[in-house]
Amino acid sequence: MERIEQHASFGGRQEVWRHASSCLRGDARFGIYLPSAALRGERCPVLYWLSGLTCTEQNFITKAGAQEHAARHDVIVVAPDTSPRGEAVADDPGYDLGQGAGFYVDATVAPWSTHYRMHTYVAQELPALVERHFAASEARGIFGHSMGGHGALVTALREPGRYRSVSAFAPIVAPSQVPWGEKAFAAYLGPERAAWRAWDAVELVKTAAPRWPLLVDQGEADEFLAGQLRPELLVQACAAVEHPLTLRMQPGYDHSYYFIATFMGDHIAHHARALRA
C-alpha cells in the first residue's frame, strides 16, 4: 500500500492509494474519503462508488462533490479504478472495451481472463483491504454511474449478504440487450448469451434476496437513455417480482457529472440511513 495523494476536505481527508492486487495481477488504485470520525479511529460504514466508461478514480473524487455529504453522515467513500491497467494488460482501441471499461465482471475468455476480474476485486479484495487498513466497519453500501451503475446493481444482487444498500445514476440495467453490454460481454464472457444473464441486473433481480430498495436517478436529457440505458426494463423486472424500486426521471439532466453532483446528497443520505440502521 502506497498513499500517492491526500487533501484535507470538509474536516476529513481525500486520499488516493496504490497497491498490488492479487486478483487483477498488477497494481491498482483507489480513492478513499475518510471523514473526521474515521481519522479519529471511529469505525465508519463504507460506501463503494463504481465509475463509468473511460473513468479512473479521479473523475469521481474531483467532480461528484461527495466529500461534503460523506462528512455530514460520517461515511467512508471508496472509488476504485474502472479496470486493470498496465502494459501487460489486454486492451482494445475502442473506449468501451479494455482498459477503462472493465464492466465489473470476472472475464472468462482469453486474453481478458488474465487480469479482468473486477467483480472479485470490488466485492472481495478491495473491501478486505479497506477494512484491514482503515477505520472501516463491515457495513457496506454500493452505488455507481452508467457502466458503474450496472456494476453496483449486479455486485449487490450477486453478493446480497455483503451490502446493506444500493443505488445508481443512469445505470446500464440490461447489458445483455444493449450495444455497450453486448460488445463487452461477448469479449469478456464469450458468445454464449446464457452466461451473460449472471451479469445482468434485469435478470438477477428476478430472484434477488434480500429485497432492499433500489434508488435510481436518470436524466431525461441523457443522450444514451434510449439506446444504452433503458431503465424501463428494470422497472418491468422489479414490478414482476415486487422488488422495491424508486426510479426518479430528472427533467433536463444529461449523463454528466453535473447530473451526478446534483443528486449526490440524496444518494449518500439514502445509503447512510441503511448503513446506520
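Anyway, here's the lowdown on the structure attached to this text. Remember, predicted model here, so these are calculated numbers, not experimental data.

What counts and how
Residues numbered from 1 in each chain as written. Predicted model: local features only at pLDDT ≥ 70, side-chain atom pairs only at ≥ 80, totals over all residues. Heavy atoms only, no water. Bend = angle between axes of the 7 residues up to and from the residue. Helix = DSSP H or I, 4+ residues; strand = E, 2+ residues; numbered from the N terminus. Buried < 20%, exposed > 50% of the residue type's maximum accessible area, 1.4 Å probe, protein only. Contact = heavy atoms within 4.5 Å. Polar contact = N/O pair within 3.5 Å; in protein donor to acceptor, adjacent residues only side chain to side chain. Pairing = 2+ DSSP bridges. Axes fitted to C-alpha atoms, helices over the stretch in contact; angles between N-to-C directions. Salt bridge = Lys/Arg side-chain N within 4 Å of Asp/Glu carboxyl O. Phe/Tyr/Trp six-rings, centres within 6.5 Å; stacked < 30°, edge-to-face > 60°. Lys NZ or Arg CZ within 6 Å of the ring centre and 35° of its normal. Arc of directions from axis to C-beta.

Before going further, it helps to spend a moment on helix 4 (residues 118–133). In an α-helix there are 3.6 residues to a turn, and that puts residues three or four apart on one side. If you look at helix 4, its biggest bend is around 35 degrees, right at Glu125, and the proline Pro127 turns up within four residues after that. Burial analysis of helix 4 places 12 of its 16 residues in the buried class, the great majority of the element. When we look at burial in helix 4, the residues that qualify are Met118, His119, Thr120, Tyr121, Val122, Ala123, Glu125, Leu126, Pro127, Leu129, Val130 and Glu131. Against the buried residues of helix 4 lie strand 2 (12–21), strand 3 (26–34), strand 4 (44–50), strand 5 (76–80), strand 6 (136–145) and helix 5 (147–158).

Time to look at the side chain of Ser21. Note that Ser21 resides in strand 2. A polar atom in the side chain of Ser21 sits 3.1 Å from the backbone nitrogen of Leu24. Once residues within four sequence positions are removed from consideration, Ser21 is found in contact with Gly26, Ala28, Tyr121 and Glu125.

With that settled, the discussion passes to the sheet that holds strand 7 (residues 165–169). The strand order across the open sheet built from 9 strands is 1-2-3-5-4-6-7-8-9, with neighbouring strands paired in mixed fashion. Across the chains shown, the open sheet's two edge strands, defined by having one partner strand only, are strand 1 (2–9) and strand 9 (245–250). Across the sheet, the axes of successive neighbouring strands diverge by a mean angle of 20 degrees, strand direction being ignored. Looking at chain direction, strand 4 and strand 6 are connected through 6 bridges and run parallel. Looking across to strand 6, one finds that Trp49 is bridged to Phe143. Against the sheet, helix 3 (residues 66–73) touches strand 1, strand 2, strand 3 and strand 5, its axis set at about 60 degrees to strand 3. Helix-sheet contacts for helix 10 (residues 257–275) involve strand 4, strand 6, strand 7, strand 8 (214–219) and strand 9, and the interaxial angle to strand 7 is about 170 degrees.

Enumeration according to the criterion identifies 15 salt bridges in this entry. For Glu15, the salt bridge goes to Arg13, with nearest N and O atoms at 2.5 Å. For Glu15, a relative accessible area of 1% translates into the label buried. Arg13 gets classed as partly exposed once you look at its relative accessible area, which sits at 26%. Put simply, Arg248 and Asp266 hold a salt bridge, and the shortest N to O gap is 2.9 Å. Linking Arg248 in strand 9 with Asp266 in helix 10, this pair joins segments that are 18 residues apart in sequence. Given a relative accessible area of 25%, Arg248 falls into the partly exposed group. One connected set of salt bridges, linked through shared partners, spans Arg3, Arg13 and Glu15.

Here the focus is the packing of aromatic side chains. Considering all chains together, one arrives at 16 aromatic pairs under this definition. Between Trp17 and Phe134, the aromatic rings sit 5.7 Å apart at their centres with planes inclined by 80 degrees, giving edge-to-face as the arrangement. In this pair, Trp17 is assigned in strand 2 and Phe134 in the loop between helix 4 and strand 6, connecting sequence segments 117 residues apart. The pair formed by Trp17 and Phe134 is uniform in burial state, with each residue classed as buried. Ring plane angle 75 degrees and centroid distance 6.4 Å describe the contact between Phe103 and Phe185, whose orientation is recorded as edge-to-face. Here Phe103 is found in the loop between strand 5 and helix 4, whereas its partner Phe185 is found in helix 6 (residues 179–189), with 82 residues between them in sequence. The burial state of Phe103 is the same as that of Phe185; both residues are buried. Three or more aromatic residues joined by ring pairs make a cluster, and in this case those are Trp49, Phe60, Phe143, Phe169, Tyr253, Phe259 and Phe263. Above the ring of Trp199, the side-chain terminus of Arg158 is found at 3.6 Å from the ring centroid.

Attention shifts here to helix 9 (residues 231–241). Those residues of helix 9 not exposed but buried are Pro231, Leu233, Leu234, Ala237, Cys238 and Val241. All buried residues of helix 9 fall inside an arc of 150 degrees around its axis, so they share one side. Set apart from the buried face of helix 9 by more than 90 degrees, the exposed residues are Gln236, Ala239 and Ala240. The elements touched by buried residues of helix 9 are helix 5, helix 7 (201–204), strand 8, helix 8 (225–229) and strand 9. After helix 9 finishes, the residue Glu242 shows a positive phi value of roughly 60 degrees.

Of note, the bond from Ala110 into Pro111 is cis; its omega dihedral lies within 30 degrees of zero at 0 degrees. Of note, the phi angle at Phe10 is positive, near 50 degrees, even though the residue is not glycine. Examined against the element boundaries, Phe10 turns out to sit in the loop between strand 1 and strand 2. Classification of Phe10 as exposed rests on a relative accessible area of 51%. Phi is positive for Asp74, close to 55 degrees, though the residue is something other than glycine.

Nothing here speaks to function; it is all geometry.
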